[in-house]
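Report on the structure
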Amino acid sequence: MKSSNQGPDGNGNSIIFRKLGVRASFLFINFFLIITALYQLKPASRSLFIEALGAERLPYVWIITGLTMVVFIAFYHRLVARHSRFKVVLGTCLAISSLLVLFRFLINLPGPIIPVGFYVFVDILSVVLVEQFWSLTNSIYTTQEGKSWYGFVGTGGLVGGIAGGGLSALLIQYTHLQTPDLLLTAAITIGIIFVLTWVMGHIGLYCEVEHVVPVEAARKGGWRVLGQNRYLLLIAAVMLLAQLVSPLIDYQFLNTVEASYPEREARTAFLSLFFSVMGFISVSINLGITPLIHRFFGTIFGLLIQPLMISLFSWAFLFQSTLFFGCAAKISDRGLSYSINRASKELLYIPIDPVMIYQAKAWIDMFGYRIFKVSGSFLILLFTQWLPVSIGIAQLSWITISISAGWIAIIMVLRHEYHRVCQGEA
């Protein structure tokens, strides 16, 4: 490979850099299109579900999604183990595009089965598309190359969130297209992803490199590694408590959206525009605020911002349950999670052995997130529907605030461990 990159003028490093730049540009566009498609489907799936069953039934479909995801991810990883990642990506794109067309023709059938199935399908494909993108990307970059290019590649997803939500809002408001038609526009977008991925494979931009940690070894060691390392266990607790809070905030947000926008097309347009605005805020924070926070206040302060902002707007929603505060809490949850919180979490891993990082992340990403998200859904049902004395949507903020308080306390404990680990690295 080195000889093929070495030009006649001996300027091999320049040629390699240009090739890496071309590859990163393709991946930027690829990730942009993936998130663009997802943010056409997410507002549609939410709006269609609310029309069929109402926002109060959302925890049930979240539980169904979580349990289905565990089974499907196990099947998906066996598929990847038997076939090349490149072929799996191409096959997935074709399958998703075909199923979206099928859902489009079935979505207007009476009854709740199709909207529920479509909601679960969208949540699963959002995990699969993103996971397979990063899995394929991780297989073609060395660690050093990843440090140089992942920031640029990842920005494509943030920009895609803005574009996807904005495009959906424009299509619903200014054309004759309705909510179900977003399934077809997303199918076209994923078709473009198929073509782009095929082109990248045939011009030689997908060339897997050897990595230190086998994926199978990472899966087997994940939970044991967390149990044996206090620092990693604290990191996992911080990440998983964020997943526990997320359904509570989403439930409040979507219930206020349902109350404010009872008509389907208006609701879809609002959700699309909201996701676009949230993406814009995430990009702005990522580019303008996150570097300043990390430079002047440090990593731990960056971690504290999300639970503090969630607590603040949950208090506000508790006393004034308006759409504005529901949106603010949602942005504090997802908008900050995709920006400063994610950057801060990645910095926590730097002092740790790469093998341990790989093993811990494998368990957290594949199982921990789903378990805690399902647990959050059970909390909602327990306190709003199952107990003899139920509470209202606004009172769920008490639970959110309590979890956030524990989240902040764990971050403060993590602070001491982080400094200890960093000193050990030095």
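Let me sum up the structure you'll find in this document.

What counts, and at which threshold
Residues numbered from 1 in each chain as written. Predicted model: local features only at pLDDT ≥ 70, side-chain atom pairs only at ≥ 80, totals over all residues. Heavy atoms only, no water. Helix = DSSP H or I, 4+ residues; strand = E, 2+ residues; numbered from the N terminus. Buried < 20%, exposed > 50% of the residue type's maximum accessible area, 1.4 Å probe, protein only. Contact = heavy atoms within 4.5 Å. Areas by Shrake-Rupley, 256 points an atom, 1.4 Å probe, with all protein chains shown as cover. Core = buried A, V, L, I, M, F, W, Y, C linked by side-chain atoms within 4.5 Å. Phe/Tyr/Trp six-rings, centres within 6.5 Å; stacked < 30°, edge-to-face > 60°. Patch = residues over 30% accessible without salt bridge, like charges linked within 9 Å, V, L, I, M, F, W, Y side chains within 5 Å. Salt bridge = Lys/Arg side-chain N within 4 Å of Asp/Glu carboxyl O. Axes fitted to C-alpha atoms, helices over the stretch in contact; angles between N-to-C directions. Parallel < 35°, antiparallel > 145°, perpendicular 65-115°, else oblique. Nonpolar A, V, L, I, M, F, W, Y, C, P; charged D, E, K, R; others polar.

1. Regarding the overall build of the chain
A tally of helices and strands in the chain yields 15 helices and zero strands. Every one of the 426 residues in the chain was classed for burial, and the buried ones make up 53%. Within the chain, contacts between residues at least 6 apart in sequence are counted, and of these 85% link residues at least 24 apart. Element-wise, carbon and sulfur atoms account for 67% of the exposed surface of the chain, whose accessible area totals about 19,400 Å².

2. Focus: the nonpolar core
L100 and F118 are the most contacted members of the largest nonpolar core, which totals 115 residues. It is helix α9 (residues 230–260) that provides the largest number of residues to this core, a total of 18 residues. Residue contacts for F118: discarding those within four places in its chain leaves L41, A44, S45, L48, L100, F103, I107 and L183. Listed in part, the five residues of the second largest apolar core include I285, I293, I305 and I340.

3. Notes on the environment of F32
Tracing the backbone shows F32 in helix α2 (residues 12–53). Between the alpha carbons of F32 and A163 there is a distance of 8.5 Å; along the sequence they are 131 residues apart. Setting aside its immediate chain neighbours within four residues, F32 contacts G156, G157, V159, G160 and A163.

4. A short note on the packing of aromatic side chains
Following the criterion strictly, the structure yields 18 aromatic pairs and no others. Here the aromatic residues Y39, F253, Y261, F270, F274 and F275 are joined through ring pairs into a cluster of three or more.

5. Re the environment of T400
Assignment of secondary structure puts T400 in helix α15 (residues 396–425). A C-alpha to C-alpha distance of 8.8 Å links T400 and S246, two positions 154 residues apart in sequence. Non-local contacts of T400, meaning those with residues more than four positions away in its chain, are made with V245, L248, I249, I310 and S314.

6. A closer look at the environment of L102
Among the secondary structure elements, L102 is positioned in helix α4 (residues 85–106). Considering only alpha carbons, one finds L102 and L183, 81 residues apart in sequence, at a separation of 9.4 Å.

7. Considerations on a nonpolar patch on the surface
Among the surface-exposed residues, Y60, F378, L382, W386 and L387 lie close enough to one another that they form a single nonpolar patch of about 430 Å² accessible area. Examining the composition of the nonpolar patch, we find that three residues originate from one element, helix α14 (residues 354–386), more than from any other. Here L382 shows up in helix α14.

8. A short note on the side chain of S246
As for its position among the elements, S246 is in helix α9. Using a relative accessible area of 3% as the deciding quantity, one classes S246 as buried. Those residues in contact with S246, other than ones at most four positions away along the chain, are D333, R334 and K373.

9. Here we look at the side chain of S97
For S97, the location among the structural elements is in helix α4. The contacts of S97, once residues within four sequence positions are left out, are A187, I190 and G191.

10. Some remarks on the pattern of salt bridges
As a working rule, side chains carrying opposite charge can pair if their charged atoms are close by. On inspection of all chains with the given rule, the structure shows eight salt bridges. Taking the shortest distance from any N to any O, the salt bridge between D123 and R46 comes out at 3.2 Å. Within this pair, whereas D123 is found in helix α5 (residues 113–140), its partner R46 is found in helix α2, the two being separated by 77 residues in sequence. As far as the burial class goes, D123 and R46 line up, both buried. Close ionic contact of R104 with D181 constitutes a salt bridge, the shortest N to O distance being 3.1 Å. Here the residue R104 occupies a position in helix α4, and D181 occupies one in the loop between α6 (143–174) and α7 (182–202), the gap between them amounting to 77 residues. Assigned by exposure class, R104 and D181 land together as buried.

11. Considerations on the packing of helix α11 (residues 299–319) against helix α12 (residues 323–337)
At a minimum axis distance of 8 Å, the contact between α11 and α12 shows a crossing angle of 170 degrees. When the axes of α11 and α12 are compared, the pair comes out roughly antiparallel. From α11, I305, Q306, M309, I310, F313, A316 and F317 reach across to α12, where they touch F325, G326, A328, A329, S332, D333, L336 and S337. Residues that form the contact of α11 with α12 fall into these classes: ten nonpolar, four polar and one charged.

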